[in-house]
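Residue strings, one per chain:
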Number of protein chains: 12
Amino acid sequence: MSVVTSTLPGAARKTTGDALQGALVDLLDLSLVAKQTHWNVIGPRFRSVHLQLDEVVATARTHADTVAERAAAIGVSPDGRAATVAKTSGIDTVTDNWVKDTEVVEILVAALGSVITRMRQRIEATEHPDPVSQDILIGITADLEKFHWMFQAESA
Amino acid sequence: MSVVTSTLPGAARKTTGDALQGALVDLLDLSLVAKQTHWNVIGPRFRSVHLQLDEVVATARTHADTVAERAAAIGVSPDGRAATVAKTSGIDTVTDNWVKDTEVVEILVAALGSVITRMRQRIEATEHPDPVSQDILIGITADLEKFHWMFQAESA
Amino acid sequence: MSVVTSTLPGAARKTTGDALQGALVDLLDLSLVAKQTHWNVIGPRFRSVHLQLDEVVATARTHADTVAERAAAIGVSPDGRAATVAKTSGIDTVTDNWVKDTEVVEILVAALGSVITRMRQRIEATEHPDPVSQDILIGITADLEKFHWMFQAESA
Amino acid sequence: MSVVTSTLPGAARKTTGDALQGALVDLLDLSLVAKQTHWNVIGPRFRSVHLQLDEVVATARTHADTVAERAAAIGVSPDGRAATVAKTSGIDTVTDNWVKDTEVVEILVAALGSVITRMRQRIEATEHPDPVSQDILIGITADLEKFHWMFQAESA
Amino acid sequence: MSVVTSTLPGAARKTTGDALQGALVDLLDLSLVAKQTHWNVIGPRFRSVHLQLDEVVATARTHADTVAERAAAIGVSPDGRAATVAKTSGIDTVTDNWVKDTEVVEILVAALGSVITRMRQRIEATEHPDPVSQDILIGITADLEKFHWMFQAESA
Amino acid sequence: MSVVTSTLPGAARKTTGDALQGALVDLLDLSLVAKQTHWNVIGPRFRSVHLQLDEVVATARTHADTVAERAAAIGVSPDGRAATVAKTSGIDTVTDNWVKDTEVVEILVAALGSVITRMRQRIEATEHPDPVSQDILIGITADLEKFHWMFQAESA
Amino acid sequence: MSVVTSTLPGAARKTTGDALQGALVDLLDLSLVAKQTHWNVIGPRFRSVHLQLDEVVATARTHADTVAERAAAIGVSPDGRAATVAKTSGIDTVTDNWVKDTEVVEILVAALGSVITRMRQRIEATEHPDPVSQDILIGITADLEKFHWMFQAESA
Amino acid sequence: MSVVTSTLPGAARKTTGDALQGALVDLLDLSLVAKQTHWNVIGPRFRSVHLQLDEVVATARTHADTVAERAAAIGVSPDGRAATVAKTSGIDTVTDNWVKDTEVVEILVAALGSVITRMRQRIEATEHPDPVSQDILIGITADLEKFHWMFQAESA
Amino acid sequence: MSVVTSTLPGAARKTTGDALQGALVDLLDLSLVAKQTHWNVIGPRFRSVHLQLDEVVATARTHADTVAERAAAIGVSPDGRAATVAKTSGIDTVTDNWVKDTEVVEILVAALGSVITRMRQRIEATEHPDPVSQDILIGITADLEKFHWMFQAESA
Amino acid sequence: MSVVTSTLPGAARKTTGDALQGALVDLLDLSLVAKQTHWNVIGPRFRSVHLQLDEVVATARTHADTVAERAAAIGVSPDGRAATVAKTSGIDTVTDNWVKDTEVVEILVAALGSVITRMRQRIEATEHPDPVSQDILIGITADLEKFHWMFQAESA
Amino acid sequence: MSVVTSTLPGAARKTTGDALQGALVDLLDLSLVAKQTHWNVIGPRFRSVHLQLDEVVATARTHADTVAERAAAIGVSPDGRAATVAKTSGIDTVTDNWVKDTEVVEILVAALGSVITRMRQRIEATEHPDPVSQDILIGITADLEKFHWMFQAESA
Amino acid sequence: MSVVTSTLPGAARKTTGDALQGALVDLLDLSLVAKQTHWNVIGPRFRSVHLQLDEVVATARTHADTVAERAAAIGVSPDGRAATVAKTSGIDTVTDNWVKDTEVVEILVAALGSVITRMRQRIEATEHPDPVSQDILIGITADLEKFHWMFQAESA
């Protein structure tokens, strides 16, 4: 039973809810990983990378909020607790301690790459059950792919 | 004969124009209904609901303008006159006089619910004739479903 | 019995409430008429008139809110529903479809003219029962007469 | 003898000065009472009432400044000292200690009610001696009556 | 014959138009006198008086625009040309050359005093023919009397 | 070989890259044509058209940047050099020298019309290879069609 | 029994609560005294002192709110009613009527001086029971001592 | 004898002072003429010309202030009184009463033309005595010539 | 070995670093818990609590950044990864799924209460090794105790 | 024959018009070259150079608009069409495809260098015919030389 | 050898570089002198002079930055170190300790006077070698001469 | 004898005054050193370091003002003249001429390091005589240590 009803039929709600829950966890972890490297980056490009990572954080936080509230809007309770993020995120665990700037850039390319792959699967999965959620996932993917290009350009 | 020509062929323009005209009337009525309850709500949650309704008004007004101008952009004259709204809106007539806050929340859940159902039909109807108009209707529906969740959460 | 009491005695409240309810309907209809012509105007002055009409809309909406909340403040429930506007507005029905810019200017001169006449009667009617409401109606009339001059100057 | 002369003749200045001095004290006390309850309110509506009271404070402070400077403008020295407020305010003393939200709303309805009654008398008293001061008192009363409605609507 | 018609009957329009035209000239001259002394003031209070005069200029310019547009709104063409101001202003000619700060303050007290006297007559004259114009003149007078107090307080 | 890799397979990247490169050139040329006419327009509607053209410039520049960065995001180097624009733009060459306002409006209707036709083909072409790029092209087309309506309305 | 519990043990709460209640009354009275002289100051430095006093008012009001809410945060109900201020303030009663600018400066030096002495005692008293409240009182004292210097510098 | 000394020798100060005084009067009259036509313009281009004239007013007022303060800065007391403007302005007297929009545009072309001619003479006259004042006059002329082009383009 | 050296000797750095790392984890978890309940709250106070929780989120995020960067500033690498937060936070795990508003308020009172207790221990621990870090922890505790009061007041 | 007349005699207008037209083309091409490299830069300094280039774009666009409108102001129709830019720009064609950050910096040093050389010739050429246009070219050159220094400093 | 090359030939660069270096030192010292007196001024005009001096500081700092970056732009390394300022400034050493307001005004008149004399020499010296740098020095001198007038007017 | 009295006894004032005077000189020199390197830095990290140094300048200027005004507030005249800074600063003299970016980073690490050491001594010295001044010095040290970390991270 759902507290919040929705105009989506049950199966569509299940598929869409799973896609949104997955996106939520990935985006929350992306925001934590970007903050972790924002604080621990060292090397000559420190300042540039430090600032760039805070833009990733801001984007990831905004989109995490959007997908969580979208889940609620279709009657699915979102789960963004620390343990859930730690267990189900699609991003590889990052190392603790100081990290060289060149390595940070590679970490971000990899993290964004794996989230983008999963987001593209979610775009496909939601096309028929819910074009409204799909449109939100498309917009988020555009932002992630822009960061993906920028970090790649930096390591070229 | 149309004063403003468009790159849409006749049938596509007809289907899309109908969808946009329908959305216009629903959104204008939603803005009037939300204002009506904004002024007449009473009860312990007065201030919270009063403020929330003005957010519905602002959203409905902005989207009404968007769909009316989109209709013009595809060569269809929009009709947002009071009598047209009174006659063709998909929202049930609301009672006059003061209304209890709990009842206002239910009125909004119902009004948003019926507009959303019609918007989802319009999203389907415009997919092939005009993906540009469809994209606008998708964005509007996302906003309406967000309000729909919030008023439901409040009456839970 | 009134939910919201007021420091105005019954007769004063009745007279003032009627004036404010009349003003509310006129202002809501003015906002709808100005939006309708904002969307449907055509002709060489399109852009200038299109922008000018949105200033009328903004002014009419703000003042409609003010008179509705003033009615509530004296214990009278305001009625701004679509059907009430359609039935009791003092503005003549405008034509649907595209309208030439010169004609739009005339429509506005006429609409503003008839609302102003009724507002001046309301200013007189409220002077003794409630100078506070009268002061609000005076301020609104000043704004309407300013638009009235501008549209007349344009058609000179 | 007055340091600041004015275009008002002596009797008019006396009547108007008394009205403004009375309004000053009432508004300063209203700002103190609203702050006192802003800090001490408890209960499920805490946040809503807490925020609403700060709007009353802001309005009361702005208007207190206006009437005090208006008194100076007509050559009458205003008196807004703590002891003067404590002795001559028209608002009943409020209790110290935490207060339930429902009780706070009643306190505000009562406080605003008694200030409004006195303001309406001042509007009458100043009509002939000084329409400029009267206009200021009318504007203040409109704001107070708006708050009066809102707190009443909340306790309905 | 008037290009811009108005809801005011002929005599009312004549009386009100004269009041507004008089106010226009006084306010334009006040703005020029305040600028003249803003540039030519000398003495230990230079900076304080220099800044204060620019507030008078800003207020006078805003109100001049308001009364001129109000005249147009009632169908009366306003006249704010340099020669008209030079010939019909109610303010005494100020001296050219540098002026001591104490003298500047006296000049402003006198200039404001004579404009206020005329404004109070215009408030009386317009009460019956046009309460809308009267309300505008009342608001302007409140501002002028506030400056009048401040310059008097400075010369006390 | 591409410096920036992407999650799009080769063929999808080629199709999408071509669509984005075409859109880039059209939008850059639109911004140059709108500026050219912004500077050279003459006639009674000069000011209105002059301002309107700067809105086209701002929109075209913003969208040019978006599609160029989108191309980079999918691993395709964008080309927006003057010679490329001059050679491959879909907009007809505009005349040099002063241009009458009525003619400017026709130039814009034609320029927007031809860009829109090509954008609609790009929307179709990118639907399957890359819904993310398609969504960007849909949003741009909505803006261009809005301008298209407005310039048509002006020449009606 | 306290409605709001706190992590401070009873004795620490009592000492800290007394310090904060004392600060609250002093700051509220300072805001009233500064407003009283803001309205009643006369003399050549009128404008400068008038503006400076409003900065004292703004600072005193902000800090009064901070200490009152800090008291609530440690479970102590704050008391800022007019009678409490009149009875327990540490500032000497100021005279009514117009006051010369030189005298106003002396009044402020004295008022600030006596509040500062009491604030320094409160800083000492709260060091061990509650370093969080102490830190707030330290910040307030810095602001008060800055004003104290400025008014002294003016009377040098 | 001059109250304000300057680093310019006497002859240079005289030449420069004359140029600045002339510029001051022309700019003040330009601001009055532009306001006069701002209020009295009629015809289909009313709104566009009405708004454009207020930009002329704002520019003329800002530059008038700049040249007056520049005169003071080189030790020359500026004279911007109504009678001085009426007597020594280089702009032809404009007619009173309503004026057609086409005529207003011609009035502005002529007024700007004659001020520009005089400004160019002042640029030449001040080159050697004071390049600092010359630079100010050059900047003002650039603005005036921009308006001159725009009003000409409108009457083409 | 530390990449970033600091003016703190080793033991002081160790104690302070532990306090800051503990604060970092608590604040990050507080931000996640507040977001989780922000999305899942239901009941009549939904809107009020939903908004209030976002203020907690913003505060917790800002302070988390401050303590992490403070750790770096004293040469200690901060660790804010999801797994670290999940494992070492001082806040009890919150339930998944929708939560009633009354229960949410209790969850926040408890979460804030346990973080405050630990923060007070950190304030004591850092007093001697590093008054700079202590001052930061004091400021954070003030904010947390303010929220603690507000949520308690709401459940009173 | 010129549509827009000017106070410059024919020869002066020709010389000045040529200088401004040359500046227009150089600045438009500079804006296109800077955008091209903004999109295609790769390498460790990607982000820094990417952002810096957008400042060049903004400056070049603003100045291009200024010189084009200055040409119009002296009665010369400006030509900023793509083909004109491609043919007559003083900047060497840049390569297509991705470009290393070090190379981008060299491209900008060279492009700015050649534009500056031509701008200095234009400053000389316009000194006598039109000091107003010269002043504009001087200001633009200051901005270009500042960027020239910065890119040189980066490659040092 | 210079790290940053410039389009200025060697002699022109030397002359212009000397002028800019001299201006840099004078402006930095002016900012320090103005701050010194901003902190140490006493007397009845304390507040007015204190605020005015901060405007001098802001202007001097902005212009110091401009001339230093202009020196770099022409390939000359600027020197703004404390010892260089102390040794080569054109401003007389100011006294330490508190200073009376009247004396502060005289100090500023003298300091500005001597900087202006040197700036006028720099304007002459740079006219032929570099009109771009000259234009910057002209603009700075205008600002300094405006302050010079104001402080003189205050001591009149 | 002191012009400005204070609530601090003589010895406490002496100790605190010395600490504040020392801090003032260090912060002023830090602002000059950061500006000097802001202008003279060269190398691939030019832009990043150039911008970062301006943040140091802004912070150092703000804090210099704070400590100077704090000295005044406790009755001690601050001395921030160029010669005093040159003679008593704790920062080593920096080289003139262009400086490589890597060297600039080292200069800043060293300069900040030596200022921080002295600030920590001042924090200790002021704890008992004046906790209000100590709190200000603590806040400044937090900012300096943050910059210290960042420049160290950059050279790692």
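All values reported here derive from a predicted model rather than from experimental measurement.

Our focus in this paragraph is the confidence of the model for chain A. Per-residue confidence for chain A gives a mean pLDDT of 96; residues scoring 70 or more make up 99%. Taken together, the chains of this predicted complex give a pTM of 0.97 and an interface ipTM of 0.96.

The subject of this paragraph is the environment of Ala-72 of chain A. Assignment of secondary structure puts Ala-72 of chain A in helix H2 (residues 46–73). Given the relative accessible area of 0%, Ala-72 of chain A is considered buried. Spatially, the C-alpha atom of Ala-72 of chain A lies 9.8 Å from that of Leu-20 of chain A, the residues being 52 residues apart in sequence. Ignoring sequence-local partners within four residues, the contact set of Ala-72 of chain A consists of Val-4 of chain A, Trp-149 of chain B together with Trp-39 and Trp-98 of chain I.

Each partner contributes to the interface: chain I provides 36 residues, whereas chain A provides 36 residues. Between chain I and chain A lies a buried interface of about 2,800 Å² when both sides are counted; carbon and sulfur atoms form 65% of it. Broken down residue by residue, the surface that chain I buries against chain A is led by Trp-39, Arg-81 and Trp-98 of chain I, which jointly contribute 26%. Inspection of the region where chain I meets chain A yields 2 salt bridges. The residue Asp-65 of chain I makes a salt bridge to Lys-35 of chain A at a minimum N-O spacing of 2.7 Å. Of all the secondary structure elements, the ones that give two or more residues to the side of chain I that touches chain A are helix H1 (10–40), helix H2 (46–73) and helix H3 (82–88) of chain I.

What follows covers the relation of the copies chain G and chain K. For these two chains of identical sequence, chain G goes onto chain K by a turn of 120° and a shift of 0.0 Å along the axis, with RMSD 0.0 Å. Considering both components of the superposition, the chain copies are consistent with a three-fold axis. Distance from the rotation axis, computed per C-alpha, reaches its smallest value in chain G at Ser-48 of chain G: 4.0 Å. When the interface residues of chain G are mapped onto chain K, a mere 10% of them are again interface residues, pointing to distinct binding faces.

Let us now look at the packing of H2 of chain I against helix H5 (residues 131–155) of chain I. All names here are of chain I. As a packed pair, H2 and H5 sit with axes 11 Å apart at the nearest point and diverge in direction by 170°. The orientation of H2 relative to H5 falls into the category roughly antiparallel. Considering the relative orientation of H2 and H5, their crossing is left-handed. Counted together, Val-49, Gln-52, Leu-53, Glu-55, Val-56, Thr-59, His-63, Thr-66, Val-67 and Arg-70 of H2 and Val-132, Ser-133, Ile-136, Leu-137, Ile-140, Asp-143, Phe-147, Met-150, Phe-151 and Glu-154 of H5 form the full contact between these two elements. For the contact of H2 with H5, the residue count by class is 11 nonpolar, 5 polar and 4 charged.

Rules used in this analysis
Residues numbered from 1 in each chain as written. Chains lettered and ligands numbered in written order. Predicted model: local features only at pLDDT ≥ 70, side-chain atom pairs only at ≥ 80, totals over all residues. Heavy atoms only, no water. pLDDT = per-residue confidence, 0-100. Helix = DSSP H or I, 4+ residues; strand = E, 2+ residues; numbered from the N terminus. Buried < 20%, exposed > 50% of the residue type's maximum accessible area, 1.4 Å probe, protein only. Contact = heavy atoms within 4.5 Å. Buried area = accessible area lost by both parts, 1.4 Å probe. Salt bridge = Lys/Arg side-chain N within 4 Å of Asp/Glu carboxyl O. Least-squares fit on C-alpha atoms with pLDDT ≥ 70 in both. Axes fitted to C-alpha atoms, helices over the stretch in contact; angles between N-to-C directions. Parallel < 35°, antiparallel > 145°, perpendicular 65-115°, else oblique. Left-handed = near helix turned anticlockwise from the far one by under 90°. Nonpolar A, V, L, I, M, F, W, Y, C, P; charged D, E, K, R; others polar.

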